[in-house]
Amino acid sequence: MRLHRPRLRRAALAAALTSLAALAGPALPAHAATTPSAVLDRDHQSATWQSPQYAKGTLGDATSCPGADQDPGGAVCGRFDVTVNVPAGYWDDNPEGGVPVSVQWQNPTDDFDLYVFDAAGKQVASSAGTADPEATVIPKASGTYHVLVVPYDVHGGSFTGRVYLPQTSDAGDLTSFSGGQGSYDIAAGTLRAKVDFLADDQLRLRAAPDGVLTDPAGSTIVRTQPQPRRDTSSFDAGDYYGIRAGDTVLRVYKHPLRFGLYHADGTAIWQEDAPLRWSTSGLRQSLRRGADEQFFGGGEQNGSFSHRDHTVHVANSFDWNEGGYNNSQPFYVSTAGYGVFRNTFAPGIYDFGSPVRTGQQERRLDAYYFTGDVKSVIGRYTALVGKPFMPPVYGLEPGDSDCYLHNANRGERHTLDALKIADGYVQQQMPLGWMLVNDGYGCGYENLPQTGTGLRKDHAQLGLWTQNGLPNQAAEVKAGVRVRKLDVAWVGNGYDFALNACDQAKAGIEDNSDARGFVWLPVSWAGAQRCGVLWSGDQSLSWDYIRWQIPTYAGATMSGIAYDTGDVGSIFRRDPKMYTRDLQWKAFIPTIMTMDGWAKDMTGKQQRDQQPWLDGEPYTSINRKYLQLKERLLPYMYTLSAEATRTGIGAVRPLALEYPDDPAALGPDAKYEFLAGPDFLVAPVYSDTAVRNGIHLPAGTWTDYWTGRTYQGPTTIDNYSAPLDTLPLFVRGGAIVPMWPKGTLSWETRDRGELDYDLYPQGDSSYTLYEDDGVTRQYAGGSAATQRVDVHANGAVTTVDVGASEGSYSGKPEARSYRFTVHGQAAPRLVVTQGGPLPKLGSAAALDAAGSGWFHDDATGVTEVKTPRMSTDRGFALHLIRGGH
């Protein structure tokens, strides 16, 4: 059943992290006098305690424990009180940022979970995976805290608990400097550092206070080290040694040892304002912050994309809600012209105040520095840890997930019952690309080959998720499995465990078929973009849920995560209006799915499924409208996917990425809108209203997708009419948007003999379409094609130059017609190709029926043109002539 393992299920973790008020009440009464305790202060630096033996576990979370008065001696759940007395400001520059708490298991097979509450009963930290030891940090600890240890799954085992107060030391004066040809050794007393200059403007800096340089991450994240750069030279500038590499100079200051990277003209890229500082189990770097410097990255940071004056946590997390960071990454990028990746699996805390202090919970530094603007830094970072993978085209279609066999929330069913749901999508004329037909938590599968065959008849691919691993990949892929979802029972440890699992799941599909691996996972680490779709976990539906996801997915792009998403309409609740609003804007992110079978209505009483037609009208028609629009836009999104494999930049972008000189792109209005590629600006409605305020449009001309009204940016739109069927959506002037024909419901059944383009002419613009077979890995060997389209809007004539489709792939059409929808221009007098003028027709319906021609709609100002079939191997020109006689 979906909730078979409450502690490991995403559902229970979300509940444990959000039900703090409940935990402060009956779950945590006043502690008994027998609760062990300790004080951490100047005279008491650490404390340990030993638990009793536990014959069995609770198979639950903190709410499963009795109160302390009913559990003397911690016989059911372990308890420990710690009081922290530190001076004011103690944590301001401490690499660990708080008091570390850990529990070490006696037996490797036992599983203890760890929760920390403050004196008021509010949960402030937790560790609920399957790692040994379980460990967390009480951030900026001061006062009394209650540690609760839940023996989740034990068999006569016990644990040893430990808390300590981290002490700090700083690097001293430089004591040695040597090296050349791109590699330099540096020492300051016992601290040893090593600098390596690498290809593509990369710099690797390693440091260890004990003088031993280690690499725990090995080749797991950085699978291939960049080539060294040999053309460097060093010089003594008195206060520092300088190392020249191209147009940059690394300064190695002597008194005390500090580092700074500069342009050759002496302007700073980054500069340490204090020496490296380390603590009992941590090390931080402190950098000066520029007056207007902005910071992005950190992976998936729920609810934010810009981090100046904020503290970002980079760690394994099961907080699926705003403020969580379950898909975080140890990387950030600065508008000062640099980015940093920490090559580590250790948790980190990045404080983007002044100064910028970034620390990891390990006594070592292993950092790669990249230089350039934000886009180029993201590109260099993803070149190091792995570029985003190329999804199959069906992966960009909607997915559907449910549990059918055993313990289903909707009663006992069979795996083949999934076919009834797939049939429903067909009957409702709604696209469906794939289905997950089981849940590993008590819900298995049967008749898998037959299920796969049935789904493919509905043009959907078979998918499975996993609880405990992938022991049957070969047989399952042979049965038709092309999609994998990894859940927290298996990958909940995150870090290298999740990253290896993601690589393994992708390879399992690819090693046993000619398909591309398509993997989803809820916890990950740096490098996961190369193998999987990341999604923000289980949430309950609310307007806030819709609101905070907007900057989350746009912000993930700033760490090279091209596919980040959340369940449409959430997993646990269903409301027709909120579901429809959520689906609208998610139609403009590449990957989406519904999680069926676990939702109830907003009262929590009535069970509800999650398919997009279940609420009746007007919701069904609105949902169909946006899903069909998503399907038509797949050539645009698929081209963006191909671009991401080269650049590291995904489709969902904060405005600040494309408009870095627009200060409003970092403002409160722009936080809750995003760009889908460079051409669509999406401003979701995230409250119960029919009016959208605060829509920021950056510089340029923007056309309302629905009305054709144009706006000149930068400007802010208030009182925008957004009834339930209207997503505020704007298109950039000059955009050239490829689309599949109207009525397309599947990549597999689309009319390959027609390709449409939406044009918004403005001056000269160009676009290059990417195409391949959509499903196999032959594209990696060059089986693909590109076709460039140029639009020249010059006075009385608009010319559309369509180039030849260059390249080949299986299934490439030899010829096709083109349908151009030209926005925002007066009616042409003639529309001409090299074959002569096209006939003018009286209506759009007549154009649909004709082999070629054109029609102008005076009401909308839109001209539609349909060409005859053209060879894809040859280019052609189309002229819309408005002037003359």
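Conventions and cut-offs
Residues numbered from 1 in each chain as written. Predicted model: local features only at pLDDT ≥ 70, side-chain atom pairs only at ≥ 80, totals over all residues. Heavy atoms only, no water. Helix = DSSP H or I, 4+ residues; strand = E, 2+ residues; numbered from the N terminus. Rg over C-alpha atoms; globule rule 2.2 N^0.38 Å. Buried < 20%, exposed > 50% of the residue type's maximum accessible area, 1.4 Å probe, protein only. Contact = heavy atoms within 4.5 Å. Areas by Shrake-Rupley, 256 points an atom, 1.4 Å probe, with all protein chains shown as cover. Lys, Arg positive; Asp, Glu negative; His and termini not counted. Charge placed at Lys NZ, Arg CZ, Asp CG, Glu CD. Core = buried A, V, L, I, M, F, W, Y, C linked by side-chain atoms within 4.5 Å. Polar contact = N/O pair within 3.5 Å; in protein donor to acceptor, adjacent residues only side chain to side chain. Axes fitted to C-alpha atoms, helices over the stretch in contact; angles between N-to-C directions. Parallel < 35°, antiparallel > 145°, perpendicular 65-115°, else oblique. Nonpolar A, V, L, I, M, F, W, Y, C, P; charged D, E, K, R; others polar. Pairing = 2+ DSSP bridges. UniProt positions renumbered as here; feature names shortened; annotations may be inferred. Disulfide = S-S within 2.5 Å. Salt bridge = Lys/Arg side-chain N within 4 Å of Asp/Glu carboxyl O. Phe/Tyr/Trp six-rings, centres within 6.5 Å; stacked < 30°, edge-to-face > 60°.

### A closer look at the overall build of the protein chain
A count of helical and extended segments in the protein chain gives 14 helices and 60 strands. Computed over C-alpha atoms, the radius of gyration of the protein chain comes to 29 Å, within 12% of the 29 Å expected from 2.2 N^0.38 for 885 residues, which places it in the range of a compact globule. The burial tally for the protein chain puts 63% of its 885 residues in the buried class. Within the protein chain, counting contacts between residues at least 6 apart in sequence, those at least 24 apart form 69% of the total. Of the roughly 30,600 Å² of accessible surface on the protein chain, a fraction of 49% belongs to carbon and sulfur atoms. Side-chain charges in the protein chain split into 79 positive and 98 negative, and the spacing between the mean points of these groups amounts to 2 Å.

### A short note on the nonpolar core
Ranked by internal contacts, the top residues of the largest apolar core, which has 114 residues, are Met-435, Trp-585, Phe-588, Phe-674, Phe-680, Tyr-757 and Phe-820. Core analysis: the next-biggest nonpolar cluster, separate from the first, contains 103 residues, Leu-203, Tyr-369, Trp-490 and Leu-655 among them.

### Points about unusual backbone geometry
Of the consecutive residues Glu-617 and Pro-618, the connecting peptide bond is found in the cis state with omega at 5 degrees. Tracing the chain through its elements places Pro-618 in the loop between strand E39 (607-608) and helix H11 (619-632). Cis rather than trans, the peptide bond between Gly-713 and Pro-714 has omega equal to 5 degrees. Along the chain, Pro-714 falls in strand E45 (residues 710-717). A positive phi angle, near 60 degrees, is found at Asp-200, a position not held by glycine. Turning to its location among the elements, Asp-200 is positioned in the loop between strand E13 (191-198) and strand E14 (202-208). Notably, Asp-201 is not glycine yet its phi reads approximately 55 degrees, a positive angle. Turning to its location among the elements, Asp-201 is positioned in the loop between E13 and E14.

### Some details on helix H10 (residues 576-586)
An α-helical segment advances 3.6 residues per turn. Residues three or four places apart therefore align on the same side. The element H10 is extensively covered by neighbouring structure, given that nine of its 11 residues are classed as buried. For H10, the set of buried residues is Met-578, Tyr-579, Thr-580, Arg-581, Asp-582, Leu-583, Gln-584, Trp-585 and Lys-586. Check the buried side of H10 and you find it contacts helix H9 (543-556), strand E36 (573-574), strand E37 (593-595), H11, strand E41 (674-676) and strand E42 (680-682). Sitting at the amino-terminal end of H10 is Asp-575, which places a side-chain oxygen 3.2 Å from the backbone nitrogen of Lys-577.

### Comments concerning the packing of H9 against H10
Axis separation between H9 and H10 bottoms out at 10 Å; the angle between their running directions is 10 degrees. Taken as axis vectors, H9 and H10 run roughly parallel relative to one another. Contact residues: Trp-543, Tyr-545, Ile-546, Gln-549, Ile-550 and Tyr-553 in H9; Lys-577, Met-578, Arg-581, Asp-582, Trp-585 and Lys-586 in H10. Looking at the contact of H9 with H10, its residues break down into seven nonpolar, one polar and four charged.

### Topic: the sheet that holds strand E11 (residues 176-180)
With antiparallel pairing, the eight strands of this open sheet are ordered in space as E11-E12-E13-E14-E28-E25-E24-E22. Strands at the two margins of the open sheet, each flanked by one partner only, are E11 and strand E22 (295-299). When the angles between neighbouring strand axes are averaged without regard to direction, this sheet yields 15 degrees. Judged from the five bridges that link them, strand E25 (residues 338-342) and strand E28 (residues 365-371) form a sheet pairing that is antiparallel. Its bridge partner lying in E28, Phe-341 is registered against Tyr-368. Sitting on the sheet, helix H3 (residues 374-385) is in contact with E14, strand E24 (328-334), E25 and E28, with an inclination near 135 degrees to E28.

### Things to note about the UniProt feature "domain: Glycoside hydrolase family 31 N-terminal" (unreviewed entry) in the protein chain
Taken from the UniProt record, the annotation "domain: Glycoside hydrolase family 31 N-terminal" (unreviewed entry) applies to residues 193-351. Here residues 193-351 is 0% helix and 47% strand, with 23 Å between the C-alpha atoms at its ends.

### A short note on the UniProt feature "domain: Glycosyl hydrolase family 31 C-terminal" (unreviewed entry) in the protein chain
Sequence positions flagged by UniProt for "domain: Glycosyl hydrolase family 31 C-terminal" (unreviewed entry) are, in local numbering, residues 651-737. This span, residues 651-737, is 5% helix and 41% strand, and a straight line between its end C-alpha atoms measures 14 Å.

### Looking at the environment of Ile-571
In this fold, Ile-571 is placed in the loop between strand E35 (564-565) and E36. On the basis of relative accessibility, which here comes to 0%, the residue Ile-571 falls in the buried class. The spacing of Ile-571 and Tyr-152 is 419 residues in sequence and 25 Å in space, taken between C-alpha atoms.

### Here's the deal with the sheet that holds E42
Two pairing modes exist for strands in a sheet, parallel and antiparallel, and in both the strands are linked by backbone hydrogen bonds. Strand order across the open sheet formed by six strands is E40-E41-E42-E47-E44-E45, with antiparallel pairing between neighbours. Of all strands in the sheet, those bounded by a partner on one side alone are strand E40 (652-653) and E45. One ladder, built from two bridges, connects E40 with E41; its direction is antiparallel. Within E41, the residue paired with Val-652 across the bridge is Ala-676.

### Here's the deal with the state of the cysteines
In the structure shown here, the tally under the stated rule is three disulfides. The disulfide partner of Cys-403 is Cys-443, and the gap between their sulfur atoms is 2.3 Å. Between Cys-403 and Cys-443, the S-S dihedral sits near 120 degrees, and the bridge is therefore right-handed. Pair noted here: Cys-403 is in the loop between strand E29 (399-401) and helix H4 (418-427) and Cys-443 is in the loop between strand E30 (434-436) and helix H5 (448-457), with a separation of 40 residues, a long-range link. There is a disulfide in this structure between Cys-502 and Cys-531, and the S-S distance comes to 2.1 Å. Around the S-S axis, the bridge from Cys-502 to Cys-531 shows a dihedral of about 125 degrees and counts as right-handed. Within this pair, whereas Cys-502 is found in helix H8 (residues 495-511), its partner Cys-531 is found in the loop between strand E33 (519-521) and strand E34 (533-535), the two being separated by 29 residues in sequence. We classify Cys-531 as buried; its relative accessible area is 0%. Sequence-ordered numbering of the bonded cysteines in the protein chain yields a pairing of 1-2, 3-4, 5-6.

### Regarding the environment of Leu-633
Secondary-structure assignment places Leu-633 in the loop between H11 and helix H12 (634-647). Spatially, the C-alpha atoms of Leu-633 and Gly-324 are 31 Å apart, while their sequence positions differ by 309 residues. In this structure, Leu-633 is in contact with Phe-588, Phe-680, Val-737, Pro-738 and Met-739, ignoring residues within four places of it in sequence.

### Observations concerning the side chain of Asp-41
Looking at the element boundaries, Asp-41 is found in the loop between strand E1 (37-40) and strand E2 (46-50). For Asp-41, which is buried and forms no salt bridge, the nearest opposite charge comes from Arg-42, at a distance of 7.2 Å. Only 2.7 Å separates the side chain of Asp-41 from the side chain of His-44, close enough to count as a polar contact. When sequence neighbours within four positions are dropped, the list of residues in contact with Asp-41 reads Asn-85 and Leu-165.

### Thoughts on the pairing of strand E47 (residues 729-732)
Inspection of the sheet shows E42 paired to E47 by three bridges, in the antiparallel sense. Residue pairing across strands places Leu-681 opposite Phe-730, the latter belonging to E47. As defined by bridge partners, strand E44 (residues 695-704) adjoins E47 across three bridges and the pair is classed as antiparallel. When the bridges of E47 are listed, Trp-702 appears paired with Arg-732.

### Side note on the packing of aromatic side chains
Under the definition given, this model contains 50 aromatic pairs. Aromatic side chains Tyr-332 and Phe-352 sit 5.1 Å apart centroid to centroid with 70 degrees between the ring planes, which places their arrangement in the edge-to-face category. Taken together, the residues Tyr-332 in strand E24 and Phe-352 in the loop between strand E26 (348-351) and strand E27 (356-360) connect sequence positions 20 residues apart. Overall, Tyr-332 belongs to the buried group, its relative accessible area being 2%. Seen from their ring centres, Tyr-672 and Tyr-686 are 5.2 Å apart, and the 45 degrees between their planes marks the pair as tilted. Of this pair, Tyr-672 sits in the loop between helix H13 (655-658) and E41 while Tyr-686 sits in the loop between E42 and strand E43 (691-692); the two residues are 14 residues apart in sequence, bridging distant segments of the chain. When its relative accessible area of 13% is taken as the criterion, Tyr-672 is described as buried. A network of ring pairs unites the aromatic residues Phe-389, Trp-434, Phe-518, Trp-520, Trp-535 and Tyr-563 as a single cluster.

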